[in-house]
Amino acid sequence: MPTDRRAYNRPYEGPHNEHVAFPLGGIGAGMVCIEGTGAFSHISLRHEPHMFHEPHIFAAISVANADGSRTARLLQGQVPKWKLRLPGYCDGARDRPFGLPRCREVAFDAKFPFARLDLRDPELPLTMRIDAWSPFTPGASDDSCLPVAGLEYTFRNTSSRRIEAVFSFHSRNLIADPQQWPAPKNPPVQSVGRADQGFVLRQDPLPDRPWAEGAVSISTDAPDVAVNPRWFRGGWFDSLTMVWKSIAEGSVINADPYPDGKASPGGSLYVPIELNPGESKTIRVRLAWYVPISHVREGDGRDDPPKTDTPLIPPLPTHRPWYAGRFESVGAVDAYFLKNYDQLRQASKTFADCFYDSTLPPEVIEAIAANLTILKSPTTLRQADGRLWLWEGCYDKSGSCYGSCTHVWNYAQAICHLFPDLERTLRDVEFNEDQDATGAQNFRSALPIRPNTVHHSAADGQLGGIMKVYRDWRTSGDTAWLARLWPKVKENLNFCITAWDPNEEGWLIEPHHNTYDIWFWGPNGMCTTFYAGALKAAVLIGEALNDPQPRYAAILEKSKQRLEQDLFVDDYFIHRIQWAGLKVPDPVANPDANETPEAIELLKKEGPKYQYGTGCLSDGVIGEWMADVCGVGSVLDQSKVRSHLLAVFKHNFKRDLFGHANPQRPTYALGDEAGLLLCSWPRGDKLSLPFPYSDEVWTGIEYQVAAHLILSGEVDKGLQVVRAVRDRYDGLSRNPFDEYECGHWYGRAQASYSLLQALTGQRYDAITKTLYLRPQMTGDFRSFLATATGYGTVGVKDGKAFVEVKHGTIDVREIVLKEP
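The following paragraphs examine the structure supplied in this document.

About the thresholds
- Residues numbered from 1 in each chain as written.
- Predicted model: local features only at pLDDT ≥ 70, side-chain atom pairs only at ≥ 80, totals over all residues.
- Heavy atoms only, no water.
- Axes fitted to C-alpha atoms, helices over the stretch in contact; angles between N-to-C directions.
- Helix = DSSP H or I, 4+ residues; strand = E, 2+ residues; numbered from the N terminus.
- Left-handed = near helix turned anticlockwise from the far one by under 90°.
- Contact = heavy atoms within 4.5 Å.
- Nonpolar A, V, L, I, M, F, W, Y, C, P; charged D, E, K, R; others polar.
- Pairing = 2+ DSSP bridges.
- 1 Å grid on protein atoms, 1.4 Å probe; cavity = no way out; pocket = protein on both sides within 12 Å on 5 of 7 lines; lining within 4 Å.
- Points joined across faces, edges and corners; volume = space filled by probe spheres on them.
- Core = buried A, V, L, I, M, F, W, Y, C linked by side-chain atoms within 4.5 Å.
- Buried < 20%, exposed > 50% of the residue type's maximum accessible area, 1.4 Å probe, protein only.

Taken N-terminus to C-terminus, the directions of helix H9 (residues 479-500) and helix H10 (residues 525-544) make an angle of 145°; their axes are 11 Å apart at the nearest point. Remark: the crossing between H9 and H10 carries left-handed chirality. Of the residues in H10, those touching H9 at Leu-482, Trp-486, Leu-493 and Ile-497 are Tyr-531, Ala-534, Leu-535, Ala-538, Ile-541 and Gly-542. Across the contact of H9 with H10, the residue classes tally to nine nonpolar, one polar and no charged.

Okay, here's the thing in structure tokens:
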């Protein structure tokens, strides 16, 4: 294990600040990251990821010295050494301002959605601080989806003399798409224009590429700002050379755009500052952007027009962001941000103060907050009609695995509590556009959202969706919404029974697709616990709507028996592989023609590839966890559930991975790092080709298991797993705000939010107006609580439960405090 462990929920300094990149922007609106050094990178404004995109955009300070000379620095720390070794950097990183003087030291701290950077340089008689933020208020979905970011630069004079300085902010025209336009034959027109106390970087659309259009506004409310939208035009390094000259000389340049209509490479703001000894001044810079249409289109919707012969021009319509349906231009976005800046900032700060006003373990607070950044990353999109749509994560230059994937987003428990109105749009799509007349549900949604051709269903995703319907109803209190979905829910569950449990035996026996991207043959603990949870949720919904479901109740009883009597062996739940005697053809007797001869021989020996058999699966009782966090309640004997979780911890949790063989995707955890394996075979009968990913470590599953251990009373073991994750994402080798799996900012990692539920046992029921608490700790505590109508702090003080509302309202008629 690493010995230089950083304290949780504390600033990132020194080597721990090497890989920090903190997302700024609105939910589904694009992202600009501020790094731990103060650099801006990962600029992704075009509704798809542009990882490591780091054009010339920076702030600087130039200070007049007592002898008449000047000292100038970028308001950034030193360039991390790893950036000098990235692919293509043998060209000297000519498109990045790495060679400009910058501050000696910087420390980064985050209190989501705020980041704070403290910069130090012995040559400057100033303390320097950057506060970066973007609006985020639970329940205020529209304000939290704005394509904006705020940057606040604060300077304090630490000398005994009066200081004259010039603050400046500079940017190339970064709205150009770094993927679409590396060397275009017909480039779109770019321009830099003046705005009110700022400048606008623009790119015009083309007739065959309307998505080329975009604009970024960079402005300040400093009254004495000078704006230069006309950088020097020339070859080689002329533009940046002249920008640095202006900084070094302390120039304050005010100019108009070039009259010849030709584009400036970029624009600058200059604000003169005078500070008496001990005096401070803050300059606020606003970023706003507007890309009203994209070229992103996913899925096989039934309204596709004829295929085009030009692959660069996808058939329309394509994704259009929510903000383009509300604002007509980047100027309108910036005007709204300027008018509401103080209110939006205060609302975001009220949330941050409330969230961090907690006595829960710091590693838990850090894990939850770090993964809230997923909502500000390109993983999340919100289309013009307000509905949410999600990638699984982000590859470097495209989304990873399209379509609000139901089995991945089963794990995520943050959106449903923080923005339940957005979460319910996911259910509406799943049970309408993505579900056919038979009840089969496509586990991937099309974008733009439209009826999608069902290629196959995913058992864990489809069954998990039924539990989420129950959760979202109890969270919202909207019984009319539930009643509208109920016929679809029954069709859905009936399909699951017919397709995977045709004899109504209580387990999934026919081949069923799942989150490991394969089909399980035969009953197993993982998917059958999803089945049991969905059946119980459907029984509860039927009772609430006066539509009893005795069939579901009968199968539920059988499911409980099958799980506890047939799938629980010794100390954990297993997978009984079965491939003969099913509705589908026997794969051993009828092998796929595409299989290799050696694969056919293995098939005859071991049965279908990619199963887990008697393995100890970390997800082996995940349906129980989901039933608990969705408010459905447990199904199984809790002593058996706890036994399984203890077996998972014993066999799958590794304090280091030196001796672990992983031929799959190893960088999630390796070497001296700790992690929870997806599966192990403690009985020594590992299949030759077990399911893909089985040897890997996924943070979403680690958090799911950690939360379930805590719910089962094993708090210390659960926290050990959490600490293993956050020790890997500590800034030394990975970005603490980007827990990746199949892509950056991977959605499954928002399982971390369930740690809050696990430790406190909190659940607010909007139907009965009851707040439930079942803390897994003794004594007094404080914790964040979010509901559909407001948020605040809940806890226990002097043995009595309490709730303090900080925003909105929470109608609590009864608090039920239970023993764990």
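There's plenty left to go through after this.
Our focus in this paragraph is the sheet that holds strand S15 (residues 266-275). Sheets are built from strands paired through backbone hydrogen bonds, the pairs being either parallel or antiparallel. Ordered in space as S5-S4-S10-S15-S14, the five strands form an open sheet in which the pairing is antiparallel. Lying at the two open borders of the sheet, with one neighbouring strand each, are strand S5 (70-74) and strand S14 (226-228). Shown here is a sheet whose adjacent strand axes are inclined to one another by a mean of 20°, direction ignored.

A few words now on the layout of surface pockets. Of the pockets and cavities examined, the second largest pocket occupies roughly 710 Å³. Lining the second largest pocket are 36 residues, with Asp-628, Gly-631, Gly-761, Arg-763 and Arg-774 positioned closest to its centre. At the level of elements, helix H8 (459-476), helix H13 (622-629), helix H14 (638-652), helix H15 (699-711), helix H17 (754-760), strand S29 (763-765), strand S30 (770-773) and strand S31 (781-786) are the ones that each hand at least two residues to the lining of the second largest pocket. Top contributing element to the lining of the second largest pocket by residue count: H13, with four residues.

Counting 214 residues, the largest nonpolar core has Ile-61, Tyr-153, Phe-155, Phe-167, Phe-169 and Tyr-516 as its most contacted members. Setting aside its immediate chain neighbours within four residues, Tyr-516 contacts Met-526, Leu-617, Asp-619, Leu-678, Phe-691, Pro-692, Tyr-693, Trp-698 and Ile-701. Counting 10 residues, the second largest nonpolar core, distinct from the first, contains Ala-60, Leu-100, Leu-240 and Ile-247.

The next thing to look at is the pairing of strand S11 (residues 190-195). Remember that side chains alternate between the two faces of the sheet whenever the strand is regular. Where S11 meets strand S12 (residues 198-203), six bridges bridge the pair, whose relative direction is antiparallel. Counterpart to Val-192 in the pairing with S12 is Leu-201. The antiparallel hairpin formed by S11 and S12 contains two residues in its connecting segment, where Gln-197 sits at a positive phi of about 60°.

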